[in-house]
Each structure stands twice: as C-alpha cells, then as structure tokens.
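For reference, the chains in residue letters:
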Amino acid sequence: MTAGADAAACLDAENGYAAKWLDNNNSLYKKIATELSEHHLAQPADNAGGNDTVLAAGPWKISVKKGHEVHAFSNISNKITDNILYTEPDSAFKVHLRLSQSGIFIFITSSSDQCSEVRVLPVSLKSMIPVLMQERRPGVCYSAEHFGGDNIWILSNDNAPMRSLLIAPARNPVSKNWKAAVKENDSVYIGDFTLIDLQYLVIVQRRNLATSVEITSIYDEKDKEARVGNVINFPEPEGLVSDLSYDKEGDKLVFRYSSSITPLTCYTYGIHSMHLGIRWKKQVRHYVQDDYKAQVAWARGINKTRFPVSVLGKREMERPDGSNPLLLFIETGNPSCNGSNFSPELLSLIDRGFYLARVHLPSSGLKETEGSEIVSAAISALTGNRISSNGLITLAGKGNGALIALNINREHPGWIRTLVLDCPVYGDNPSAMAVPDTYIVTEPADRDKLQASLKLGSSLRKLMKPENTLLLKSKTGPEPDFKTRPDPDFNSGPDPDFNSGLITFILLSNGISN
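J.: How would you summarise the packing of aromatic side chains if you had to cite specific residues and measurements?
T.: Within the structure shown, the criterion is met by twelve aromatic pairs. Note on Tyr-257 and Tyr-267: the rings are 6.2 Å apart at their centroids and 65° apart in plane angle, and the pair reads as edge-to-face. Taken together, the residues span a long stretch of sequence, with Tyr-257 in strand E18 (residues 252-258) and Tyr-267 in strand E19 (residues 265-270) at a distance of ten residues. Tyr-267 shares its class with Tyr-257; the two are buried. Of the aromatic side chains, those joined through ring pairs into one cluster are Phe-234, Phe-255, Tyr-257 and Tyr-267. The ring of Trp-298 is capped by Arg-306, whose NZ or CZ atom sits 4.3 Å from the centre of that ring. Here Arg-461 stacks its cationic end above the ring of Tyr-17, 5.4 Å away from the centre of that ring.

Written as structure tokens, this is what we have:
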C-alpha cells in the first residue's frame, strides 16, 4: 500500500472516530447544527474579484490549467492553438490570473503561504512572454495593479512589514525601476488601495486593530477648493474592507466592510460631498448587534512593547470574576483587510458565555520563541483583566500558529483547557507534556500537511490521559476553516457539519452541555 493510501485509510479511521464521538453527543450536536442554520446570512453580494480565465486580444483566451500552467488558447477556423505561457515549478505555489482594472494587462500571480511573485502580460498579446516583476523571496509578498496611465502600482512587504506602496513604469515594471509612492509607517498597516480617475489615492489601513479608509489627491490641482483629503474611521476592532470601486456617475467610492460585530455592509462615500451612506447590509437571523461588545485589551510583550488584542463577548454574559471561558485565535498572517471578519457560526459559543479574542503575529521576522512570548503576554493580559482565567482557555492556531499553541501548552500546561490545531506544520514527536482535549484539523488535499497532522495526532494520542479526548477531522465542504470568515461571494456559507462538530467539541471540553 502506498504512503498516500496509508494516509487516506488512517484519515478515514479518524473521521469515523470523530463521527462516532459526535454521535455519542448527539443532543448538543443537533442543537448547535440547528443554531448555525438559524444564523443564516441573507442578501448575498454580487460576485467580485479576480478570476482564472481572461479574454485577451482577438481569439485568445488565457487560463490556468492544473493549477500551475498558464495557457493561451485560440480557435480559428476550427484550428485549435494551445501555447503554454508559464509553468509554475513549485507545487507549494498556486497560480492565479487577474485582469488589471484598466483592462490593459493580465497579472499572473504565483503565491504560497510565505511569498509571491507577479508576471505581467499585455492583453494585446504583442508579446506572449510574461515579464517577471520581482523574483520570489521567502517572506516577501507583493501584488500589482494598473489603473491606466504610465505606472503600475505595487503593494509590497519587502523590507516593510507594515507594507508600502510603490510605482513602476508600465513599459518596464521590473523591480530595479520601482519607486516609493507611500513609504512604510511602522504603526499603520496598509491593507488595500485603489486609484480613482488617476486623481485620488484611496488607502485602507489599520492602526491598533481599528480600520480606516483615507482618500487623498495625488496631483496638484489649480483649484485648491477641489482638493480631497478625507478619512473614514471605523473605531471597532478587526474591521475589514474589501472590493474598493468607484461609481463615477454618483462620484462615490463603494466598498464592503465588516468587523467582529458588524455583518458585511456595503458603504458608499461621496468623494466631494463626504457623505457616508449604506447601500445594503447583510441581515443575520436572531442577531442583535447591540447585544455584543467588541473591545481592545492591551498587553506588554517583547521589550515591554504594548500591543492590542481584540475581544468579543455578549454584554449580558459578562462575569467580573473572570469565570468566562475564552477562545483565543493566534493569527500568524498580516491583517488582510479583505473579505469578512464576521463569524455568525461562532455566536453559538458567545451566547453561552465565551469570549472570543485574537492576537496578531507578523507573518515573518519573528525569532523562534517570540511568537510564544507574545501569545503568553496576551493570555496574561486577558486573565489579568478578568476577561477569563487560566484553565478556561481554548487556544486555536493554524499552520505555524498551531506550533505556537503547542509550545504555550508545553510551557504553561495549567492555562489551556482545549487545543484547536488547524493544519499544523509540526509533525515530529513532541516532547512529553500534559495534553488537554485537542481538535486537529487536517487538509486532505495537501499530502505533506495531511501526513504532518496525522503524525502529530498519533504522537499526542500517546501522551493523553484517558479522560482527555483527541479528534482528527478532515476539512470538508465549501468553507471548512474553524474560524470561518464567510466569503461574501459564496452563497452556501460555512460547512454546518464541520463547524457544528468543532463548536460541540469546544463546549463539551469546557463542561457546557446545553
């Protein structure tokens, strides 16, 4: 039997074990599944964003095949021509296509969890050789956009963890020709940007977990009265902005916004009238926003540096004695400022007295122990503020965040009640430690990640006491992430079976069975 077959058989056995465990707790499991279906998101948004098929000049169609090959197809007089424009050699990278906003260029992006690189191809196909803008380097992620005019704009974290904006001549956009347009500010993270009529630069930024949208003129106008320099502030933590566009007829900026307490909302903002309006807002059944409280707790980490931790809870469930259980997410990537950060499926936890919190770690640049030190400081701050107490904490991490969660449990075994490890990158045998109830999420589509998850699960099972539970569950369905951020363009929403099982596991591990 092959290694892949062995892994598949092992995963089938683990999924069967998880299903049996959930069946034994059928009453709560059904109740949670019912609650998730009742938190239905109404009024889906229009589709937006990139795609993997672009129509080019004449009969040509550019598309991605097998996830790593970029092809140019044509069919003239029943004669099919198929040219391979680019082949991605690294299986860890995925290839995506996107047509520039100007409609003049096609961007071919190869990206992994740790880095990216972009190639540019003219829609005219005067040249079928994509131009590489900057070679991939570990930890360096960048994206490109063209709005018209002479320049391509680049958003990059190269030597700029909080990201900077650069411009490059469209005729030769290689990195040696890049120039800074907006330099990095070490206290403000640039999440997204767009240009309006090549006159106004719109930047989505985040400071201390609060998001703002800044609109500024980018050229000298003769009429000073017409200059624009406005900021839209959203004070609640974990706000995310996406799909920036311009309604020229109405002279309005259009964008989507959500936060930990605000369902996805489409805003309009008058560029010159400075009026902020709501075009539509998704409705969530049985959700009253005023019943919930989002706040920021401050912790002191490395070198006594203060950093924010977002906290979400239900007002009527607050207990000043610190007896609320806590689910703390370790976020190891930069704040994306894209998509939606509102999670209706997690209301089942909050409504039973849980606090939800998030601590953000840089995607790169941390020393070996710094991630654990930051998360430990966050936990100390949350327990010190009586938001929760040691022994009532569920720690959730994905990828490298899962390794950090394991390290925290090893260093402070009395702190953690439950572990949720999503696609852990750590597969070696862990040293002897007390292992609490643990839920491991596997990624069956990635053999290496699957093997690491199964190997870790096997090792942890040997270290567990008989009274503790370990479940391994494969990702299934359209939106399987344990901290689901429902895609506004995906109408079917999160996988109810997956999330019902996870929430049931967390509740029972904390002694909550209602």
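J.: I'd like a description of empty space enclosed by the protein, backed by residues and values.
T.: Taken as a whole and assessed by the stated rule, the structure comprises three cavities of 30 Å³ or more. The wall of the largest cavity is formed by 15 residues, among which Ser-260, Leu-312, Asn-341, Leu-356 and Arg-358 lie closest to the centre. Counting residues per element, the ones that place at least two in the lining of the largest cavity are strand E22 (306-314), helix H3 (347-350) and strand E24 (355-360). Taken together, the residues of the lining of the largest cavity break down into nine nonpolar, four polar and two charged.

J.: Break down the sheet that holds strand E6 (residues 105-111) for me, with residues and values.
T.: What the four strands build is an open sheet, ordered E5-E6-E7-E8; its pairing is antiparallel. The strands lining the two open edges of the sheet, one partner per strand, are strand E5 (94-99) and strand E8 (131-132). Pairing of strand E7 (residues 116-122) with E8, which is carried by two bridges, proceeds in the antiparallel orientation. By the bridge assignment, Arg-119 is partnered in E8 with Leu-132.

Cut-offs and rules
Residues numbered from 1 in each chain as written. Predicted model: local features only at pLDDT ≥ 70, side-chain atom pairs only at ≥ 80, totals over all residues. Heavy atoms only, no water. Phe/Tyr/Trp six-rings, centres within 6.5 Å; stacked < 30°, edge-to-face > 60°. Helix = DSSP H or I, 4+ residues; strand = E, 2+ residues; numbered from the N terminus. Buried < 20%, exposed > 50% of the residue type's maximum accessible area, 1.4 Å probe, protein only. Lys NZ or Arg CZ within 6 Å of the ring centre and 35° of its normal. 1 Å grid on protein atoms, 1.4 Å probe; cavity = no way out; pocket = protein on both sides within 12 Å on 5 of 7 lines; lining within 4 Å. Points joined across faces, edges and corners; volume = space filled by probe spheres on them. Nonpolar A, V, L, I, M, F, W, Y, C, P; charged D, E, K, R; others polar. Pairing = 2+ DSSP bridges.

Interpretation in functional terms is not warranted from these geometric data alone.
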